[in-house]
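Now for the letters of each chain:
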Amino acid sequence: MIWYIARRIVYLIPTLLIVSMIAFLVIQLPPGDFLASLISKAEETIDQAQVDALRERYGLDEPIYVQYWKWISGIVTRGDFGDSFEWNRPVSDLIWERLGLTMVISLFTLAFVWIVSIPIGIYSAVKKYTIGDYVVTVIGFIGLAIPNFLLALVLMYIAFRYFGQSVGGLFSPDFIDAPWSLDRVLDLLSHLWLPVIILGTAGTAALIRVMRANLLDELSKLYVDAARARGLSELKLLFKYPVRVALNPLVSALAWVFPALVSGSAITSIVLNLQTTGPLLYRSLQAQDMYLAGSLILLVSVLTIIGTLVSDILLAWLDPRIQLQ
Amino acid sequence: MPDDNETLLDVRDLKTHFFTDEGVVKAVDGVNLSLKRGQTLCVVGESGCGKSVTARSILRIVPAPGRIVSGEISFRQRHGDRIDLARMNPRGRDIRNIRGREISMIFQEPMSSLSPVHTIGSQIMEAILLHLPVSKAEARKRAVSLLDLVAIPRASEQLDAYSFELSGGMRQRAMIAIALACEPQLLIADEPTTALDVTTQANILDLIRELQEDSGMSVLFITHDLGVVAEIADEVVVMYLGRDVESGDVDTIFHNPKHPYTRALLQSIPRYDSRAGERLYSLKGTVPHPFYRPAGCPFHPRCDDFIAGQCNANDPQRYNFSAGHSVRCLLYVADDDRSLRDLPT
Ligand SMILES: Nc1ncnc2c1ncn2[C@@H]1O[C@H](COP(=O)(O)OP(=O)(O)OP(=O)(O)O)[C@@H](O)[C@H]1O
Ligand code: SF4
Ligand SMILES: [Mg+2]
């Protein structure tokens, strides 16, 4: 197991390298260098000395690999992601809180999706073709079909109209710019349910189907009959054998569920006015704020890769067949 | 219910049907069999004749939409009481105390009858801990000695092995170890060697026979291989389309078969002394789909001794030639002048 993890971590390095190159390419993508666009957009003329300093800092007159090296070594050694030109602040000032909130929302959504869909999926498989199963199936398809932004609008209306909650955003107005405190955390938690439900609904519906199908496959396997023939009770049997095996594919699905949550949340986040990375990335791309965009792409990709690693390790731990393959 | 002490299992007129959306599959439709303490009963018949469903009915693990519709499965428990398994709640505690404790079962596919994500040891210990009042440590010790018993080498190491780390033969040995964990009175073996190569088959058969001699348990052995039957059976039940068509002791079945189906089956086994080029007799036609069960004697479309107007109209009843030898065929009807007519061979 230790060797397996070590091997996977070693494989991580080239992957990270390639991802960082792609993110850097995104920065380079717009025609001309960004200083030109910066100058053309600037309302007052920019001091030539300032331009030269920027040129020097990012190595714009040097070959592209030197520029890449300057960028990546700044990130790795100093946590310096460059400056956002639109915000006129270092990128690192802008992203960490948003990245943190994105993580919080994604993890809560994931937990919500699993906690809701696994028991329902199990119920639906065990009670196959009963009324309960059909009800779950229909609700599931509705959940899949409703676009997130619509769900967002409807739930926001309900939250506002009937619960009088300040909707949109992750904080009440009082807490938006407040420093972190216990009250601010509680305020965050009280706002979290709305985006979590909205972001999680489609995933929950999909996962119910996956869990149901997996479990139906496993329920008809001979090892289940064999365990029953040993005298195990139906409930213990269900959870010890088929459910356990049916969960494995869900764990491996973690690898794609997580990035889907992070990237899929952009539109919802805009509608809900959430302080996450999605809207920031969207806006930075529109504004050609390339260091900000590239950094966000890099970080989200790195998170995805780490998510994949975690899900692989979890799966290897859950399923003894994996390591030998 | 039989009242002698020697009969361990007595199945009377068992019917197990599957109520599918397309219609009712009468997988088992009136099976009778009887098994004495310490003996081996072989159930033979072509694929699809209901052997496995019969076995599963006894343990009450028939999968939905299947259900026992009538009949009796009388079983004599260790402490002497007789119970009718057919009347038990298949999800209830009573039947669970029988499963694995009094009756164990091993299946056709050793590859898939072990959990892919649990060790062999955990599954043996599960069987022990479910039924015997022992500690975990004692259960583990017992599991090691069980693996020794079924001749799995390096037993204490293999306890922590997963099924995918073992060969087919070793998996079936592990399944036997699980089945024997609580010293059941009856072992049901549903084609336990079909999925294995010939040498392994022979080894597993030897193992089952040895274990039976040592423990005195009864074995209900399902197979379609008459060679295996000749080797291990005391009694034989020949099944066709969910029924016993002939039953008797192994000598009677092999040397004095009465039912045309039994005769055809026997003639279709290759013999070591058959000359090259000699055509092997084979059963004509195939087993009909269970939805299209022929009227009258279900074997009549394939029978060489078919009596027009009789076999396709009348359902043959059981006829007892002698104690323990019965046949279901219209050639043998006691009050008929055609009875006991000797068949052409
Ligand atoms: N789950 C099920 N649903 C519907 N029909 C079934 C089901 N299981 C078995 N049957 C039917 O019951 C009949 C008997 O099947 P069974 O498995 O007992 O045959 P078998 O004698 O064991 O054959 P084999 O030698 O191939 O194992 C078959 O016709 C089969 O189609
Ligand atoms: S009853 Fe008729 S068809 Fe059936 S086995 Fe006997 S002779 Fe053949
Ligand atoms: Mg079978």
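### A word on the sheet that holds strand E10 (residues 243–249) of chain B
Residues and elements named next belong to chain B.
- In spatial order, the strands read E6-E7-E8-E3-E9-E10-E12-E11; together these eight strands make up an open sheet with mixed pairing. The open sheet terminates on both sides in strands that have one partner only, identified here as strand E6 (103–106) and strand E11 (318–322). Within this sheet the neighbouring strands show an average axis-to-axis angle of 20°, counted without direction.
- Sheet contacts for helix H1 (residues 51–59): strand E3 (40–44), E6, strand E7 (186–190), strand E8 (218–223) and strand E9 (235–240); angle to E7, the most-contacted strand, approximately 150°.

### Focus: the sheet that holds strand E2 (residues 24–36) of chain B
Residue and element names in this part refer to chain B.
- Across the sheet, four strands lie side by side as E2-E1-E4-E5; this open sheet has antiparallel pairing. The strands lining the two open edges of the sheet, one partner per strand, are E2 and strand E5 (82–84). Taken pair by pair, the neighbouring strands of this sheet meet at an average axis angle of 5°, ignoring direction.
- Taken together, the eight bridges between strand E1 (residues 7–19) and strand E4 (residues 66–76) define a ladder with antiparallel strand orientation. Bridged to lysine 15 within E4 is serine 70.

### Topic: the interface of chain B and chain A
- Each side of the interface is counted separately: chain B has 25 residues, and chain A has 18 residues.
- Only helix H2 (93–98), E6 and helix H3 (120–131) of chain B provide two or more residues apiece to the side of chain B that touches chain A.
- With four residues, H3(B) is the largest single contributor of residues to the side of chain B that touches chain A.
- Broken down by class, the residue content of the side of chain B that touches chain A amounts to 12 nonpolar, seven polar and six charged.

### Description of helix H7 (residues 198–215) of chain B
- With 18 residues, H7(B) should cover 26 Å at 1.5 Å per step; its first-to-last C-alpha distance of 26 Å lies within 8% of that length.
- After H7(B) finishes, the residue B:Gly216 shows a positive phi value of roughly 75°.

### What about the nonpolar core?
- In terms of nonpolar packing, the biggest core is built from 114 residues, with B:Ile124, B:Ala177, B:Ile188, B:Leu220 and B:Met239 touching the most fellow members.
- Looking at which element gives the most residues to this core, the answer is helix H6 (residues 168–180) of chain B, with eight residues.
- A:Ala23, A:Met290, A:Tyr291 and A:Ile297 belong to the second-largest nonpolar core, a separate cluster that totals 19 residues.

### Focus: the site of ligand 2
- The environment of ligand 2 is made up of 13 residues, and the closest members are B:Cys297, B:His300, B:Cys303, B:Cys311 and B:Cys329.
- Residue composition of the shell around ligand 2, grouped by class: 11 nonpolar, one polar and one charged.

### Observations regarding the domain arrangement of chain B
- Partitioning chain B into domains gives domain 1 (111–183) and domain 2 (253–328).
- One C-alpha centre belongs to domain 1 of chain B, the other to domain 2 of chain B, and the line joining them spans 41 Å.

### Quick word on the site of ligand 1
All names here are of chain B.
- Near ligand 1 you find 16 residues, and of these Ala27, Ser47, Lys51, Ser52 and Val53 are the closest.
- Elements supplying a minimum of two residues to the shell around ligand 1: E2 and H1.
- With three residues, H1 is the largest single contributor of residues to the shell around ligand 1.
- Within the shell around ligand 1, the residues separate by chemical class into seven nonpolar, eight polar and one charged.

What counts and what doesn't
- Residues numbered from 1 in each chain as written.
- Chains lettered and ligands numbered in written order.
- Predicted model: local features only at pLDDT ≥ 70, side-chain atom pairs only at ≥ 80, totals over all residues.
- Pairing = 2+ DSSP bridges.
- Helix = DSSP H or I, 4+ residues; strand = E, 2+ residues; numbered from the N terminus.
- Axes fitted to C-alpha atoms, helices over the stretch in contact; angles between N-to-C directions.
- Contact = placed C-beta atoms within 7 Å.
- Nonpolar A, V, L, I, M, F, W, Y, C, P; charged D, E, K, R; others polar.
- Expected span 1.5 Å × (residues − 1).
- Core = buried A, V, L, I, M, F, W, Y, C linked by C-beta atoms within 7 Å.
- Buried ≥ 20, exposed ≤ 12 C-beta atoms within 10 Å, placed from the backbone.
- Near = placed C-beta within 6 Å.
- Domains from an automatic or database assignment.

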